[in-house]
Amino acid sequence: MPAKTKFELKTGLATREAFGKALAELGRVNPNVVVLDADLSKSTYTAEFGHAFPERFFECGIAEADMVAIGSGLAMAGKIPFASSFSVFLLNKGFEQLRMTAAYPHVNLKIVGTHSGISIGEDGPSQMSIEDLSLACSLPGFTVISPADEIATKALVTRAAEVFGPIFIRTGRLKVPVVYAADQRFEIGKAIQLIDGSDVTLIATGLMVAESIRAAETLETEGVSSRVIDMHTIKPLDRDAIFRAAKETGAIVVSEEHLADGGLGVRVAQVVAEVHPAVMEFVGINNTYAESATPDQLLDKYGLRAVNVAAAARRAIARKR
Amino acid sequence: MQTTSNVTELAAISKRMRREVIEMITAAKSGHPGGSLSAVEVVVTLFFDVMRHDPANPKWKDRDHFILSKGHCCPILYAVMAECGYCPKDQLNTLRKLGSMYQGHPDVRFLPSLEASTGSLGEGLSIGIGMALAARLDKSPSRTFVMLGDGEIQEGQIWEAAMFGGFHRLDNLVAIVDSNLIQLDGFVRDILDESPLADKWSSFGWHTIEIEGHDIGAIQKAFAEAAAMKNQPTVIIAHTVKGKGVSFMENNPKFHGTAPTVEEEARALAELA
């Protein structure tokens, strides 16, 4: 068994905060970047941009549908708008506007959702976005990104401003472990292999990347060699990385802080079915809404931990034969 | 393209555009004649007299924008854009057919000189606000005109946008409500009455002008007044007749979304001779 890189996972910024910093930096280098928010700028961290560039910051009030379409209008007029709110409001209240004014005419609108998943904690299910990946991926021509840590967020937000087209970036409220070195390079649509392995592949996105790294370390002590892949771009998927994982490890576990129906897992499964059928297991939220509690309690209760990923990996490996 | 401020000439263009609308929708065998015909004079006056635009350079950065938020009435927009030279006149009768640039509702993928894809009601005013904000930011003289239906403004997003436009004092934005009093299921007053309509817009911070929407002189005067307004967006409530110009279509809810038969087309064209 080859020795693996030992990851020292230190807690870093929440991805929403990294987004806010990246956005303010973008504002400094690109005068075409404008920002819209719907009365949540202190929580989405767009406030930093707003303070630095008040003339390019549009507070839309609690009117997400209007905000999304105003953003599209700004994009049609040549700006690079970033519209931000909690993912749950952006994708659900703004969905029709995302469809009609951004996806259908293929407009250069960027939307960044914060407070994604159940790890927002005490505010409860009305604020928890567990359908956003499914919704965003259903929009033709949309790119969908779900960064794992502050390094990935900064790089992918910056990259999103450079490429033309509608993009959704999913960020979270909770401070999350840093899984990347500061100089890591990111390319939209290209997955990153964090650990190589041969028995099973753990594909994850968002905060489940760190959990999957921890699961791989647990499995290693049992003599199981795990490959860990950060699927930071949910759409378009890195089909080649999935093909190699299926072919070379024969078993895949997909983990996400999202409904297991309709998120990353089913999208990966579609590719696996097409390119190289393999055993699969899924770690996600199963056909339910969560509840109020601390983030840690919720991640434990709803099965979004390294221990759940490791258990799924054992099931997958057992089914291989 | 040839522009004109002459009322007689604009009226003559309007009559030609009505004929085009009837012919297009009859050929398509489906579509929305009523709201296309009610909008004719406003759209013609905008494109031939009021707006700064250039069909030879449709993406000119400082151009004025026109968004047909009531997208189902695209036949009048297509006819006028073709008359201006944005797109071929001889293909107008391909409306709604496979591969046509003249899609059933405005679609920028097929006709890139359109300012926006519309058809799901309630969204054009917000898009127009985005364009108006961009112009303000760029210190561009560009102005944005958004045509709304009086049925359409039952959509809640219109009032989110109205609140934003008024609060941000977007004086480079003009909304036109084509108040033809009829929507698909019947008369607006019976379905979801909007009165007092002018008061609603005024209370949202808009400079409000009410005109007879087929009176070209009144339309010109209203747009001139809107252009002179500072620190306030303008809404022009154009009191119009649904199906205007064709006797059997006027004020008839049936012709909101029903194409004329070939026999009806002949009668309509005779009236518009």
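Residues numbered from 1 in each chain as written. Chains lettered and ligands numbered in written order. Predicted model: local features only at pLDDT ≥ 70, side-chain atom pairs only at ≥ 80, totals over all residues.

Any chance you could break down the overall build of chain A for me, citing the residues and the numbers?
Counting secondary structure elements, chain A contains 13 helices and 14 strands. Each principal axis of the C-alpha distribution contributes one length, and for chain A these read about 60 × 40 × 40 Å. The 321 residues of chain A split such that 61% are buried. In chain A, of all internal contacts separated by at least 6 residues, the share reaching a separation of at least 24 is 80%. (Helix = DSSP H or I, 4+ residues; strand = E, 2+ residues; numbered from the N terminus. Buried ≥ 20, exposed ≤ 12 C-beta atoms within 10 Å, placed from the backbone. Contact = placed C-beta atoms within 7 Å.)

Run through the overall build of chain B, naming residues and quoting values.
Of regular secondary structure, chain B possesses ten helices and seven strands. Over its C-alpha atoms chain B spans a radius of gyration of 17 Å, differing by no more than 12% from the 19 Å that the globule rule assigns to 273 residues. Taken along its principal axes, the extent of the C-alpha atoms in chain B is 50 × 45 × 35 Å. (Rg over C-alpha atoms; globule rule 2.2 N^0.38 Å.)

Break down the interface of chain A and chain B for me, with residues and values.
Counting residues at the interface gives 23 residues for chain A and 20 residues for chain B. Broken down by secondary-structure element, the contributors of at least two residues to the side of chain A that touches chain B are helix H4 (64-76) and helix H6 (95-103) of chain A. It is H4 of chain A that contributes the most residues to the side of chain A that touches chain B, nine residues altogether. Taken together, the residues of the side of chain A that touches chain B sort by class into twelve nonpolar, six polar and five charged. (Nonpolar A, V, L, I, M, F, W, Y, C, P; charged D, E, K, R; others polar.)

Can you explain the sheet that holds strand E10 (residues 200-204) of chain A? Please cite residues and give values.
All names here are of chain A. The mixed open sheet is built from five strands, whose spatial order is E9-E11-E10-E13-E14. In this open sheet, the two edge strands, each paired with only one partner strand, are strand E9 (192-195) and strand E14 (279-285). Sheet twist, expressed as the mean angle between neighbouring strand axes with direction ignored, is 25 degrees. Across the face of the sheet, helix H9 (residues 208-221) comes into contact with E9, E10, strand E11 (226-230) and strand E13 (251-259) while running at roughly 160 degrees to E10. (Pairing = 2+ DSSP bridges. Axes fitted to C-alpha atoms, helices over the stretch in contact; angles between N-to-C directions.)

Break down the nonpolar core for me, citing the residues and quoting the values.
Judged by nonpolar contacts, the single largest core of 200 residues is most densely connected at Ile252, Val253 and Ala313 of chain A. The residues contacting Ala313 of chain A, other than those within four sequence positions of it, are Val200, Leu202, Ala215, Leu219, Val224, Ser226 and Val253 of chain A. (Core = buried A, V, L, I, M, F, W, Y, C linked by C-beta atoms within 7 Å.)

I'd like a description of the sheet that holds strand E2 (residues 144-149) of chain B, backed by residues and values.
Residues and elements named next belong to chain B. Across the sheet, which stays open at both edges, the five strands sit in the order E1-E2-E3-E7-E6 with parallel pairing between neighbours. If you trace the sheet from one side to the other, it starts and ends with strand E1 (65-68) and strand E6 (207-212), each paired once. Across the sheet, the mean angle separating the axes of adjacent strands is 20 degrees when strand polarity is ignored. Both E6 and strand E7 (residues 234-239) contribute to a ladder of six bridges, which runs parallel. Following the sheet pairing, Ile209 is matched in E7 by Ile236. Its contacts with the sheet put helix H9 (residues 216-228) on strand E3 (173-179), E6 and E7, and the angle it makes with E6 is roughly 170 degrees.

Quick one: what's the story with helix H13 (residues 306-319) of chain A, residue by residue and with numbers?
Residues and elements named next belong to chain A. The terminal C-alpha atoms of H13, which comprises 14 residues, lie 20 Å apart, in line with the 20 Å expected from a rise of 1.5 Å per residue. Every buried residue of H13 is accounted for by Ala306, Asn308, Val309, Ala310, Ala312, Ala313, Ala316 and Ile317. Those residues of H13 hidden inside the fold are in contact with E10, H9, E11, E13 and E14. (Expected span 1.5 Å × (residues − 1).)

Summarise unusual backbone geometry; cite the residues concerned and give the values.
Pro236 of chain A follows Lys235 of chain A through a cis peptide bond whose omega is 0 degrees. For Pro236 of chain A, the position within the fold is in the loop between strand E12 (233-235) and helix H10 (239-249). Cis geometry is adopted by the peptide bond preceding Pro196 of chain B, which originates at Ser195 of chain B and carries an omega value of 0 degrees. Even without glycine at this site, His115 of chain A takes up a positive phi of about 55 degrees. Among the secondary structure elements, His115 of chain A is positioned in the loop between strand E5 (110-114) and helix H7 (132-137). In the Ramachandran plot, Leu181 of chain B falls in the positive-phi region, its phi being about 70 degrees despite a non-glycine side chain. By the element assignment, Leu181 of chain B lies in the loop between E3 and strand E4 (182-183). For Leu181 of chain B, a count of 18 C-beta atoms within 10 Å corresponds to the partly exposed category.

Account for the packing of helix H1 (residues 15-29) of chain A against helix H8 (residues 150-162) of chain A, with residues named and values stated.
Residues and elements named next belong to chain A. Contact geometry of H1 with H8 gives a least axis separation of 8 Å together with a crossing angle of 40 degrees. Considering their axes alone, H1 and H8 lie oblique with respect to each other. When you trace H1 past H8, the crossing you get is right-handed. Mapping the contact onto sequence places Thr15, Ala18, Phe19, Lys21, Ala22, Leu23 and Leu26 in H1 and Glu150, Thr153, Lys154, Val157, Thr158 and Ala161 in H8. (Parallel < 35°, antiparallel > 145°, perpendicular 65-115°, else oblique. Left-handed = near helix turned anticlockwise from the far one by under 90°.)

So what about helix H6 (residues 156-167) of chain B? Which residues, and what values?
The end-to-end C-alpha separation of H6 of chain B is 17 Å, in line with the 16 Å expected for twelve residues at 1.5 Å each. Of all the positions in H6 of chain B, only Gln157, Ile158, Glu160, Ala161, Ala162, Phe164, Gly165 and Gly166 of chain B are classed as buried. In this structure, the buried residues of H6 of chain B make contact with H4 of chain A together with helix H5 (124-137), E2, E3 and helix H8 (197-203) of chain B. Downstream of H6 of chain B by one or two residues, Arg169 of chain B has phi in the positive range, about 55 degrees.

Got a sec to walk through the domain arrangement of chain A? Specific residues and values, please.
Residue and element names in this part refer to chain A. Partitioning chain A into structural domains gives domain 1 (13-178) and domain 2 (192-319). Here the C-alpha centre of domain 2 lies 25 Å away from the C-alpha centre of domain 1. Taken residue by residue, the interface counts 27 residues in domain 1 and 28 residues in domain 2. Listed by contribution, the elements that provide at least two residues to the side of domain 1 that touches domain 2 are H7, strand E6 (143-145), H8 and strand E8 (175-178). Partitioning the side of domain 1 that touches domain 2 into residue classes produces 16 nonpolar, eight polar and three charged. (Domains from an automatic or database assignment.)

Give a description of the pairing of strand E7 (residues 167-170) of chain A that names residues and reports values.
Each regular strand shows side chains that alternate between the opposite faces of the sheet. Residue and element names in this part refer to chain A. Residues Ile167 and Ile169 of E7 are buried on one face, and the alternating residues Phe168 and Arg170, pointing to the opposite face, are buried as well. Pairing geometry for E5 and E7, over four bridges, is parallel. Residue pairing in the sheet places Val112 in a bridge with Ile169 of E7. Note: E6 against E7, three bridges, orientation parallel.

Before we move on, can you summarise the confidence of the model for chain B with the specific residues and values?
Across chain B, pLDDT averages 98, with 100% of residues at or above 70. In the predicted complex, the global pTM is 0.96; the interface-specific ipTM is 0.96. (pLDDT = per-residue confidence, 0-100.)

I'd like a rundown of the packing of helix H3 (residues 40-50) of chain B against helix H4 (residues 74-84) of chain B, residues and numbers included.
All names here are of chain B. The N-to-C vectors of H3 and H4 enclose an angle of 30 degrees; their axes lie 10 Å apart at closest approach. With respect to each other, H3 and H4 are oriented roughly parallel. In this structure, H3 crosses over H4, and the sense of that crossing is right-handed. Across the interface between the two elements, Val40, Val43, Val44 and Phe47 from H3 touch Ile76, Leu77, Val80 and Cys84 from H4. The residue inventory of the contact of H3 with H4, partitioned by class, reads eight nonpolar, no polar and no charged.

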